[in-house]
4 protein chains.
Amino acid sequence: MTHPAAAIAPPPIPAAKIGRVGVGVLGATGYAGAELVRLLRGHPAAAVLALGSRQHAGELLSRHWPSMPDLDIRLEAEPERPEAWRERGVDVIFSALPHTAFASRAEAYLRAGLRVVDLSADFRLRDAAEYRRRYGAEHPAPHLLDRAVYGLTEWCGPELEAAELIANPGCYATAVLLAALPALAGGWLSGAPILANALSGVSGAGRTPSLSTHFVECGGSAAPYKVAEDHPHMGEMLQAMRRAAEGTPSLVFNPHLVPMARGILATVALPLARKIDPEQARALYLSRYSRGDESGFVRVLETGQLPETRHVRGSNRCDLGLRVCGGGRQLLVFAALDNLVKGAAGQAIQNWNRAQGWPEATGLPLAGWTCA
Amino acid sequence: MTHPAAAIAPPPIPAAKIGRVGVGVLGATGYAGAELVRLLRGHPAAAVLALGSRQHAGELLSRHWPSMPDLDIRLEAEPERPEAWRERGVDVIFSALPHTAFASRAEAYLRAGLRVVDLSADFRLRDAAEYRRRYGAEHPAPHLLDRAVYGLTEWCGPELEAAELIANPGCYATAVLLAALPALAGGWLSGAPILANALSGVSGAGRTPSLSTHFVECGGSAAPYKVAEDHPHMGEMLQAMRRAAEGTPSLVFNPHLVPMARGILATVALPLARKIDPEQARALYLSRYSRGDESGFVRVLETGQLPETRHVRGSNRCDLGLRVCGGGRQLLVFAALDNLVKGAAGQAIQNWNRAQGWPEATGLPLAGWTCA
Amino acid sequence: MTHPAAAIAPPPIPAAKIGRVGVGVLGATGYAGAELVRLLRGHPAAAVLALGSRQHAGELLSRHWPSMPDLDIRLEAEPERPEAWRERGVDVIFSALPHTAFASRAEAYLRAGLRVVDLSADFRLRDAAEYRRRYGAEHPAPHLLDRAVYGLTEWCGPELEAAELIANPGCYATAVLLAALPALAGGWLSGAPILANALSGVSGAGRTPSLSTHFVECGGSAAPYKVAEDHPHMGEMLQAMRRAAEGTPSLVFNPHLVPMARGILATVALPLARKIDPEQARALYLSRYSRGDESGFVRVLETGQLPETRHVRGSNRCDLGLRVCGGGRQLLVFAALDNLVKGAAGQAIQNWNRAQGWPEATGLPLAGWTCA
Amino acid sequence: MTHPAAAIAPPPIPAAKIGRVGVGVLGATGYAGAELVRLLRGHPAAAVLALGSRQHAGELLSRHWPSMPDLDIRLEAEPERPEAWRERGVDVIFSALPHTAFASRAEAYLRAGLRVVDLSADFRLRDAAEYRRRYGAEHPAPHLLDRAVYGLTEWCGPELEAAELIANPGCYATAVLLAALPALAGGWLSGAPILANALSGVSGAGRTPSLSTHFVECGGSAAPYKVAEDHPHMGEMLQAMRRAAEGTPSLVFNPHLVPMARGILATVALPLARKIDPEQARALYLSRYSRGDESGFVRVLETGQLPETRHVRGSNRCDLGLRVCGGGRQLLVFAALDNLVKGAAGQAIQNWNRAQGWPEATGLPLAGWTCA
């Protein structure tokens, strides 16, 4: 016996209707790049046609990622003229190269008619001087900064639809901003400093080996780094906060490396201008993130529950837990996400879905892995 | 521009044609049970309709698995009469209950017209006396032993098509048998003892907390246990080996617990009757497992390559590495699989696919996760 | 050739002069209890004479801790009359039993002339009502609360010399208080809430298995718990803060479990009443903790350095890193310690050393392990 | 009250009697080098006077090992003439440099009257041609090979007393040989191949970062490497086996990397010439390793017990578990040790103690850490 009504079933997919769009990925051997490949190959509307690699052109991707042995696709150097890929059917480029490595070529891709989604920091800031201060380098393409859309998806408006150049937010920034913006935009904050602590898995440090990512060094240890006002993500966090509310917020951001492969857990303390109760806090956040049909990726947990990174591993979700304390004058927001999915490749695809006019969740996992 | 030809694209799925088959899962809160749910909900022909739990009936599955928050499905006690679930559309039961917990009720399910896939050890052995010796318990339903098909999928013949009662192999047994059977069935072995060492991730020990699975105890440590001839999987390994080749093989099996969540790595040393060279070994294994179209889950790596558990995490693959040594008189086979997928839930679904007459790979991942 | 002057040599030990003092340990099979045994057996003035266990009396300690196979000592039930142990030469009892398990018998030990060092929470709070609120239980011996000395060693004055009943601080409280008290006692704080976030290794949750300490659950994941004002250590932290400075400080405390066996990393944000610069901060903390001869366990790192838990594993140190931000109006203090040493067994011995009139560092490691 | 008789007390140390011997360590920033420093500073007869580093001369050791902040000792380049260190009182050199990096200078140290303990592979093999085959390099000082004593301590005879040039065994070799030699030397083996599988912690791969030691890659994964007859330790294992028994044993050795910082677990299968029972096996091994007074570092566990690496972390022990199977014709020996202690720095000191004529266990830990 077979029957149509399924309690648990994969969501309807628009594949058959929309055909497939050709995709190129730059920096495909790194963690974010490989995660893009992993997710895009399950995307019903994507056809991955070109994988760029600066160091490994000519090799099979599966040599670098034996977990995907069925991918019989060869890494290649970026073409001199983006039109070469365009002619092979590539319509969008996702760049997972490090900052400053791609930005100077972005314009050529745009001119050739490709959409560009950049996962590096290069197009996140509006101000080239701020970029210089945060990243210690001249911006390679300052004239494009105005054209880029900062893709914190849930906070993007119509500017994301049909966007040609999308700056994908940083993993820490995504967690902290999703946690802070509702209260900030709601005008709830007192003006006292926002304190954001965050824990990151080691994949956030990239795939290039270093002493600080050596198993024996970081395994079994917790370490703060680039604390207070030192982390370059401070720039995009402050910029987004200023957009959401008048005035210059004060922010202290303390990232920590902890021994897990994936995940970010942000603990954001928001000092409030007036007393609130837990129901008000939950109502505000739900009004921001709830979709009615439970389809959204940002989920406000039940009162009393707190997010854990294991629950979002492999998922594009960001789970938020709320807590009111300090006599109602302090709102704590805990945010958990997978740094490689909602913090990188997943959100990039989410943004691309929006720019293409597809349902935002197309090809993206809401559920995470059981254990890993 | 969109275009139909995709270099990397999801495989064609038979969903639209075949409708959906109603599925029930028993023991849904454990690791294997939750992995069944995770995989079945992505299966194009499955509709998960009932989740049984002995201890948590009435609770939401998502309470036990917050990684799947979109699963608005409630755990329930097994019905007194299987017909109750049958009437709700359940056509197949996957039981992930521990051994002896389900077997006495299997017949009722079969009589009610349901197919049964049992992930426990209960229907793996043909001989009730052997069961008693290995598991220290009387078999709850010895008269069914003859009806059960031992589902080491790649070694199953026509008996698996339309099978009503499928005994899913143990995770260790799957790794060791996939590694040893080609040489054994090929008549290559000398008769000297086969030595199989294996490393298992901690999820293999189940979800019930114990001192040996406490993070502080097993983290950062390696430990052998139930070595030599003590592990109960010895029974099904020897039984399958005897089926593959005449005579009683001698087997030493040493399992070890190592600090990873998922994965089995088996190192199987096979003493040979005559000298071989690496090409012969590879040819034999390829002839057994290669599908021509690269669609198979058991993959023989290139000469010189060795499998690693990280490459199969989340995948239904079993990667095999071959090595000839001892002057050509010893064949080493290294096998890596994910104990919860090919070693449990994935192989269970693979068997069910076969029994339903669907393509074996339906709904099952060939690629693994990037990192975890 | 031999020669007397050694660049690196073990510190002089007072053993020969002082003889040995008989020690009993209660709760010797748990993590803190076993750590007491490990450290005390290397203590030049201690002779471990009795090990108490509620559940395992009659068994060898080495059965529970095979890492100490040379310990041919049998666990025993606590004697009905402490005099029985006194007569065998036991002069001091270290109790590593959980809270409420020992306090009712403390008086009998004191009367029998034994010194008592309690590692549980039972004698930390002065106020029985506060105890009830924090621990949800009536205090078993409220009349002793006034007699107990709260042993945050570096902040103890003459009351610790010859103390008979010592309440050893909690691991979190030790980290947070060592970080916050200098600024607080210096009158530097503005009165805005102190925000203390902390990361703990899994041994902090004890040795009794539970789902939250299962390797597969907590491995590779970060999780907040008992946040804001919920953690019972809030009581002792606030009490110690009030002692150090007038007024009622406001404190938010967010503990997180991260996948490491040992270690606490506390990140404490202190809002300041007036602007300071990094040199002032460092000078204040050095004036509090520096010993001139570098012998102290609380070490203020160089400006720009941040502590990591791997650097204090196995050591009785607490490393502090300072950071001024927010335009000089915010002091961040990062504290790293080993929860089983400075956060439990080590500090207990440090307190005992003081009470005995010995050098505080006797038998305690300043250096940590290389890697673990 | 104090009293002399202590149930658990540190062993008597010969310090006062023997003065201190000056020690130099080469390669002090690596894992084995730092472990030497950690152990030697607790050694009652050692005075660490010089630390050599090829890359970090002029820097404080504590910069590389903040876990030892009290070590106010500066790394230096090796002197051009060893006499320079000799004059400062250095009597022995422990070299923890990689193979080929030190051997050419060994003779100069010996001539200058220093004892040399080399932890690299360079002086382990007797035969320069075998060295070339195993390590792919010409031996830098073949004329010294005859003078070196291979320091598998428990198997050394009088040649170790007063030895001037000691070749410290490899970590894998130590585990496999301690497991196999008693049966081999006892003439028990059948001549069929010995099969040795081994699991190693990541510190065994050294401190230089690489992709294979990146936390995200090796964390949560098990991987075989250099299997069958490929690992260079094969050379010293076969050499030592041939010394212990006539004939050329056949050996298959399969090392695996597993996600732990420290530890080796070897599983050695020994095919026997005649049937034995468990008591005979235990008697043979006890006769080899038991000291009567329980002071030995190689410990034969009770029948039925198996060693685990967590029980030897931080200890100089090697725990052995025995198992007879295959109808009495197969002896399994499981060996656990800490690769940085008994597998490197600890055994080096043990050998040095013997060469100095001191009790073998001087300054070496028999007990391991509780948890790590």
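Criteria and cut-off values
- Within each chain, residue numbers correspond to sequence positions counted from 1 in written order.
- The lettering of chains begins at A and the numbering of ligands begins at 1, in the order of writing.
- Residues qualify for local features only when their pLDDT is at least 70, as the model is predicted, and side-chain atom pairs are given and counted only at 80 or more; totals for whole chains, interfaces and linings, by contrast, use all residues.
- Under the scheme used here, helices are H or I runs from DSSP no shorter than 4 residues and strands are E runs no shorter than 2 residues, and both carry numbers assigned from the N terminus.
- Every radius of gyration here is taken over C-alpha atoms, with the globule rule written as 2.2 Å times N^0.38, N being the number of residues.
- The exposure label follows from counting other C-beta atoms within 10 Å of a residue's C-beta, where the C-beta atoms are placed from the backbone and the thresholds are 20 or more for buried and 12 or fewer for exposed, leaving partly exposed in between.
- What counts as a contact is two residues whose backbone-derived C-beta atoms lie within 7 Å of each other.
- To superpose the copies, least squares is applied to the C-alpha atoms of every residue with a pLDDT of at least 70 in both.
- Domain delimitation follows an automatic or database domain assignment.
- Amino acid classes used here: Ala, Val, Leu, Ile, Met, Phe, Trp, Tyr, Cys and Pro are nonpolar; Asp, Glu, Lys and Arg are charged; the rest, including Gly, are polar.
- When DSSP finds two or more bridges between two strands, those strands count as paired.
- Fitted lines through C-alpha atoms serve as axes, helices being fitted only where they are in contact, and the angles separating the N-to-C directions of these axes extend from 0 to 180 degrees.
- By definition, pLDDT measures how confident the predictor is in each residue, and it falls between 0 and 100.
- The arc refers to the directions leading from the helix axis to the C-beta atoms.
- Roughly parallel covers angles under 35 degrees, roughly antiparallel covers those over 145, roughly perpendicular covers 65 to 115, and oblique covers all other angles.
- Seen with its strands pointing away from the viewer, a crossover is right-handed when the path leading from the first strand over the helix to the second is clockwise.
- Each crossing gets its hand from how the near helix is turned against the far one by less than a right angle, where anticlockwise is left-handed and clockwise is right-handed.

Q: Hey, could you go over the overall build of chain A for me, with residue numbers and the actual values?
A: Tallying secondary structure elements over chain A gives eleven helices and 14 strands in all. A compact globule built from 372 residues would reach a C-alpha radius of gyration of about 21 Å, and chain A, at 20 Å, matches this within 12%. Considering only C-alpha atoms, chain A reaches an extent of 65 × 60 × 45 Å along its principal axes. Expressed as a percentage of its 372 residues, the buried residues of chain A come to 61%.

Q: So what's going on with the interface of chain C and chain A? Which residues, and what values?
A: In many reports, interface size means the accessible area that the parts give up when they come together. At the junction of the two partners, chain C supplies 40 residues and chain A supplies 40 residues. Those elements giving two or more residues to the side of chain C that touches chain A turn out to be β8 (194–200), α8 (215–218), β9 (223–224), β10 (251–257), β11 (264–271), β13 (318–325) and β14 (330–337) of chain C.

Q: Before we move on, could you go through the relation of the copies chain C and chain A and cite the residues and values that matter?
A: Each of the two chain copies goes to the other by way of a rotation about an axis and a shift along it. Under the fitted operation, chain C is carried onto chain A by 0.0 Å of movement along the axis and a turn of 180°, and the coordinates agree to an RMSD of 0.0 Å. In the structure described here, the two chain copies are related by an operation that fits a two-fold rotation axis. No C-alpha of chain C lies nearer the rotation axis than that of P259 of chain C, which sits 3.1 Å from it. When the interface residues of chain C are mapped onto chain A, 100% of them again lie at the interface, so the same face is used by both copies.

Q: Describe the environment of L178 of chain B, and please don't skip the residues or the numbers.
A: With respect to the helices and strands, the residue L178 of chain B is situated in helix α7 (residues 171–185). Spatially, the C-alpha atoms of L178 of chain B and A335 of chain B are 7.7 Å apart, while their sequence positions differ by 157 residues.

Q: Tell me about the domain arrangement of chain A, and name the residues and values.
A: All names here are of chain A. We note that the domain assignment places domain 1 (19–147) and domain 2 (172–340) within chain A. Each of domain 1 and domain 2 has a C-alpha centre, and the two are 27 Å apart. Secondary structure elements with two or more residues in the side of domain 1 that touches domain 2: α2 (31–40) and α6 (128–135). Residues that form the side of domain 1 that touches domain 2 fall into these classes: five nonpolar, one polar and five charged.

Q: If you had to explain the environment of L152 of chain D to someone new, which residues and values would you point to?
A: All names here are of chain D. By the element assignment, L152 lies in the loop between β6 (149–150) and β7 (165–167). Exposure remark for L152: the 23 C-beta atoms within 10 Å place this residue in the buried category. Along the backbone, L152 and R310 are 158 residues apart, and their C-alpha atoms lie at a distance of 22 Å. Filtering out sequence-adjacent residues up to four positions away, L152 remains in contact with P169, T174, L177 and A240.

Q: How would you summarise the sheet that holds strand β10 (residues 251–257) of chain B if you had to cite specific residues and measurements?
A: Residue and element names in this part refer to chain B. Read from one edge to the other, the open sheet built from seven strands follows the order β9-β10-β8-β11-β14-β13-β12, with strand pairing classed as mixed. Lying at the two open borders of the sheet, with one neighbouring strand each, are β9 (223–224) and β12 (298–300). Relative to strand β13 (residues 318–325), β12 runs parallel, the two being bridged by three bridges. Among the inter-strand pairings, R299 is bridged to a residue of β13, identified as D319. Across the sheet, α7 is in contact with β8 (194–200), β10, β11 (264–271), β12, β13 and β14 (330–337); its angle to β11 comes to roughly 30°.

Q: Describe the sheet that holds strand β7 (residues 165–167) of chain B, listing the residues and the values that go with them.
A: The strands that make up a sheet pair up through hydrogen bonds in the backbone, lying either parallel or antiparallel. Residue and element names in this part refer to chain B. Read from one edge to the other, the open sheet built from seven strands follows the order β3-β2-β1-β4-β5-β7-β6, with strand pairing classed as parallel. Of all the strands in the sheet, just β3 (75–76) and β6 (149–150) have a single pairing partner and so form its edges. Note that strand β4 (residues 90–95) and strand β5 (residues 115–118) share four bridges and pair parallel. Residue pairing for β5: V92 is matched across the bridge by R115. Here helix α5 (residues 103–111) sits on the sheet and contacts β4, β5 and β7; the angle it forms with β5, its principal contact strand, is near 150°. Against the sheet, helix α11 (residues 341–356) touches β1 (21–26), β4, β5 and β7, its axis set at about 155° to β5.

Q: Pulling in residues and values, what's your account of the environment of V116 of chain B?
A: Residue and element names in this part refer to chain B. Topologically, V116 is positioned in strand β5. When the C-alpha atoms of V116 and A148 are compared, they prove to be 9.5 Å apart, with 32 residues separating the residues in sequence. Residue contacts for V116: discarding those within four places in its chain leaves I93, S95, A106, Y109, L110, E164, L165 and I166.

Q: Can you explain the confidence of the model for chain A? Please cite residues and give values.
A: On average, residues of chain A score 94 in pLDDT, and 94% of them are at 70 or above. Reported confidences for the modelled complex are a pTM of 0.95 and an ipTM of 0.94.

Q: Can you lay out helix α5 (residues 103–111) of chain C for me, pointing to particular residues and giving the numbers?
A: Helical periodicity: at 3.6 residues per turn, an α-helix aligns residues three or four positions apart in one direction. Residues and elements named next belong to chain C. Among the residues of α5, A103, A106 and Y109 are the ones counted as buried. Here the buried residues of α5 occupy an arc of 80° about the axis, which is enough to place them on one side. Elements that come into contact with the buried residues of α5 comprise β4 (90–95), β5 (115–118) and β7 (165–167). Among the residues trailing α5, G113 stands out with phi positive, at a value near 95°.

Q: Can you break down the packing of helix α7 (residues 171–185) of chain D against helix α11 (residues 341–356) of chain D residue by residue, with the values?
A: Residues and elements named next belong to chain D. Remark: α7 packs on α11, axes separated minimally by 8 Å, with the N-to-C direction vectors making an angle of 100°. Our classification of the angle between α7 and α11 gives roughly perpendicular. Packed against α7, whose contacting residues are C171, T174 and A175, the element α11 presents K342, G343, A344 and Q347 at the interface. Its residues assigned to classes, the contact of α7 with α11 shows three nonpolar, three polar and one charged.

Q: Lay out the pairing of strand β2 (residues 46–52) of chain D with the relevant residues and their values.
A: Residue and element names in this part refer to chain D. Summarising burial for β2: seven of the seven residues are buried, a large majority. Where strand β1 (residues 21–26) meets β2, six bridges bridge the pair, whose relative direction is parallel. Directly across from V25, in β2, lies its bridge partner L51. Pairing of β2 with strand β3 (residues 75–76), which is carried by two bridges, proceeds in the parallel orientation.

Q: I'd like a rundown of the pairing of β4 of chain B, residues and numbers included.
A: All names here are of chain B. For β4, the tally of buried residues reaches six of six residues, placing the bulk of the element in the interior. Two strands pair when backbone bridges link them, and β1 and β4 are joined in this way by five bridges, in the parallel orientation. Bridging across to β4, V23 finds its partner in V92. As a crossover connection, the stretch from β4 through α5 into β5 is right-handed.

Q: With reference to specific residues and values, describe the packing of α2 of chain A against helix α11 (residues 341–356) of chain A.
A: Residues and elements named next belong to chain A. Contact geometry for α2 and α11: axes closest at 9 Å, N-to-C directions at 45°. Judged by the inter-axis angle, α2 sits oblique to α11. In the packing of α2 onto α11, the handedness of the crossing is right-handed. In this structure, α2 contributes A32, E35, L36, L39 and L40 to the contact, and α11 contributes V341, A344, A345, G346, A348 and I349. Class assignment for the residues of the contact of α2 with α11 results in nine nonpolar, one polar and one charged.

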